[in-house]
Amino acid sequence: MVTTNHITYLLTELAGITTPLDLDVSQAVIRVRSGANFYEEAGFDFNQPACDEADLQFLDDLMEMLKQARPITEIHAMVHVRHPRAALLKLIHFFSAEFYLSADIEPDRHGRVSGQGVHVHHRKYLTYPVTDVLGDLLRIQLGTNPGIHPKEVVFTCDFDILNIWDAVGTTGTFKILFKQLVKGNWRRMIRNLVSIRKGRSNPVFNPYLNDDMFAKNYGLAGGDVTVRNIAFWLMTRDDEQYDVCNDFSQPAVRHFIRQLDESGVAFGLHPGYDALYQPARLKRQMGAFENTFGRRAQMARLHYLKFFRQDDLSALDPLGIQEDYSFGFADDLMFRGGRSFPARMWCFREQAVMQVKSYPLTLMDGTFSDYLRVNGKQAKELALEKISRAMMYGHTIVLLWHNRSMVSDGIPGNYHPRLFRSVYHHIFGK
C-alpha cells in the first residue's frame, strides 16, 4: 500500500522537489503534476517494493548511458522514448531504503550491513549514485532544475586516537621502541622518544594531532559548491576492545582543538563501539562531548560505522543529532542506498520520517587498506573512478580519512596521505 504521505516523502526528501505539486495517489496509479508538467506511474507496495522485468531492463539501459558518461538531459531523452512508463518513484524508494539487500542477509562481525549483503543482481546498479540520477530524471520530467553536481564536498576525520602512547600503554610503547632499536631505525626511535616526552604538552610533537585531511584554500570552478570540514571525536572508552581512552585535558589536545575551532572546522560526536544500541552509554558520551566542547553535539558518525538497518539510526533522534555520517559500506565502494546526497530516511518501525539527516560516505581510507587490501596504485584508480562518478552524477561528496592514516608510520605501508592528495586534487582540479 502506498499513500499520499509516502509519495510526498519521496518527492521532497529523496527527489528534492520543494515546489508545490498536485498529487493523486491510489493503489492503481500515482499522478504528479507541477504546472504544465505531468508524471505518472503505477502504484506499488511501499513496505515491500519489488523490481519487475521492465524495471530491470530500464535500469540496465540506464547503466549503459552512465558508463558512457552521458549528460542527464540525454539520459532523460532516452527514458522518454524507450521507457516512458519507468517507475522512478518506486525505484528511488527501492534503492534508498535498501530493498536490494538479500532476504537472508546476516550482519558482519561488527554487526553491520556488508557489501556482500547486496543481492548479486543489484550490485552493478550501486556502482553509480543511481538514486541521485533517478531523482534528476524526475525533476526534469516535472520541470524543475536537477541542479549542479556536486553541490557539497565534506571533508571529515574520525579522531579515534589522540595520543598513540596513551592508546598502546607502557607495554606497547616499550615494544614499539624495542622493535625500532633492533631494526636500527634510530631516527624514528628518537622522534618517538621526543613525542613521548613532549607530545602531551605541545601538538607539534604529537603527529596524531594533525589537520591534513581537511580542505584548505579551496575553490571550485563556478564557486557554487559548499565545502565543509568536520572532526568527529571519540569521547569515552566504553568498549575495552574497540574504544580508546582519550585524554582531552592534555594541553596539546586543548591547543589543537582551539586551532581547529578557530579555522572553522565543525565538531561532531563519534559514538563508541555499540553505543547506538546502549542508550545509557550514548547519553553519557553526549554529556562528555558537551562538557569538553561547551556545546551539544549535532553531528555524529558511529565508530566502525556500526549499525545494521536504517531504522536503527532513529535512536539518534531523541538526542538532537541533526546529521549522521555513518551510512556506507565499510568493505565496498558501492554507493550505499544508491545515493550521494543527504536525506532524512524513512523509519519503517515507526512509519514516519526520521529527523536525523543521513549523509552517505563516498570514500573511506580503511576501505582500501583494511577490506579491499589493494596497493596504493590500485587504491588511487578505484578512488578516482568513484569520485569521478560522484562528481558527474552525484550531489554530495563525503570523504573520511582518520588522523592515524595521515601519520606516515600510523599504519604499515601507509599510502593514505598520497591517496588523499590525489583525491583532493581530482576534486578541485589543482
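The present account deals with the structure reproduced in this document. (Residues numbered from 1 in each chain as written. Predicted model: local features only at pLDDT ≥ 70, side-chain atom pairs only at ≥ 80, totals over all residues. Heavy atoms only, no water.)

**Some remarks on the packing of aromatic side chains**
All told, the structure shown has 29 aromatic pairs when counted by the stated rule. Both rings, one in F232 and one in Y325, keep their centres 5.6 Å apart while their planes meet at 55 degrees; by these two values the pair is tilted. Remark: Y325 occurs in strand β8 (residues 323-327) and F232 occurs in strand β5 (residues 226-233); sequence separation between them is 93 residues. Summarising the burial analysis for this pair, F232 and Y325 share the class buried. Arranged with centres 5.7 Å apart and planes meeting at 40 degrees, the rings of W233 and F293 form a pair that is tilted. Taken as a pair, W233 in strand β5 and F293 in helix α9 (residues 279-293) lie far apart in primary sequence, 60 residues in all. Judged on exposure class, the residue W233 and its partner F293 are both buried. A connected cluster of aromatic rings, assembled from ring pairs, spans F159, W233, F248, F256, F267, F289 and F293. The ring of F327 is capped by R336, whose NZ or CZ atom sits 4.6 Å from the centre of that ring. (Phe/Tyr/Trp six-rings, centres within 6.5 Å; stacked < 30°, edge-to-face > 60°. Helix = DSSP H or I, 4+ residues; strand = E, 2+ residues; numbered from the N terminus. Buried < 20%, exposed > 50% of the residue type's maximum accessible area, 1.4 Å probe, protein only. Lys NZ or Arg CZ within 6 Å of the ring centre and 35° of its normal.)

**Some remarks on the nonpolar core**
If you look at soluble globular proteins, the nonpolar side chains tend to sit buried side by side. In this structure, F58, L62, L89, L138, F155, W233 and V423 are the most contacted members of the largest nonpolar core, which totals 117 residues. Once you skip the residues sitting within four places of it in the chain, V423 turns out to touch L363, A383, L384, I387, L399 and W401. With twelve residues, the next largest nonpolar core counts A330, L361, M364 and V398 among its residues. (Core = buried A, V, L, I, M, F, W, Y, C linked by side-chain atoms within 4.5 Å. Contact = heavy atoms within 4.5 Å.)

**Focus: the pattern of salt bridges**
One pass over the structure, following the stated rule, counts 24 salt bridges. For E40, the salt bridge is made with R31, and the minimal N-O distance between the two is 3.1 Å. Taking the relative accessible area as the measure of exposure, E40 reaches 25% and is therefore partly exposed. Among the residues examined, R31 registers a relative accessible area of 32% and is labelled partly exposed. (Salt bridge = Lys/Arg side-chain N within 4 Å of Asp/Glu carboxyl O.)

**Thoughts on helix α5 (residues 130-141)**
End to end, α5 covers 17 Å across twelve residues, agreeing with the expected 16 Å (1.5 Å per residue, within 8%). Across the twelve residues of α5, ten count as buried, placing the element largely inside the fold. Restricting attention to buried positions, one finds in α5 the residues V130, T131, D132, V133, L134, G135, D136, L137, L138 and R139. Packed against the buried residues of α5 are α1 (4-14), β3 (37-42), α2 (53-67), α3 (72-82), α4 (88-96) and α11 (376-393). Once α5 ends, the next one or two residues include G143, with phi positive near 80 degrees. (Expected span 1.5 Å × (residues − 1).)

**Some thoughts on the pairing of strand β12 (residues 396-400)**
Of all the five residues making up β12, five are buried; the element is thus mostly covered by neighbouring parts of the structure. Side chains T396, V398 and L400 project from β12 onto one buried face, and the interleaved I397 and L399 project onto a second face that is buried too. Relative to β12, strand β4 (residues 152-159) is paired through five bridges, and the arrangement is parallel. Paired with V154 across the two strands is V398, which belongs to β12. Summarising the sheet, strand β11 (residues 363-364) and β12 pair through two bridges and their orientation is parallel. Within β12, the position partnered with L363 by the bridge is L399. (Pairing = 2+ DSSP bridges.)

**What to know about unusual backbone geometry**
In most cases, non-glycine residues show a negative phi, while peptide bonds are predominantly trans. For E98, which is not glycine, the phi torsion reads 65 degrees and is therefore positive. The residue E98 is located in the loop between α4 and α5 in this model. Judged by its relative accessible area of 5%, E98 is buried. Although it is not a glycine, Y304 sits at a positive phi angle of roughly 65 degrees. Relative to the elements of secondary structure, Y304 occurs in the loop between β7 (299-300) and β8. By relative accessible area, which is 31% here, Y304 ends up partly exposed.

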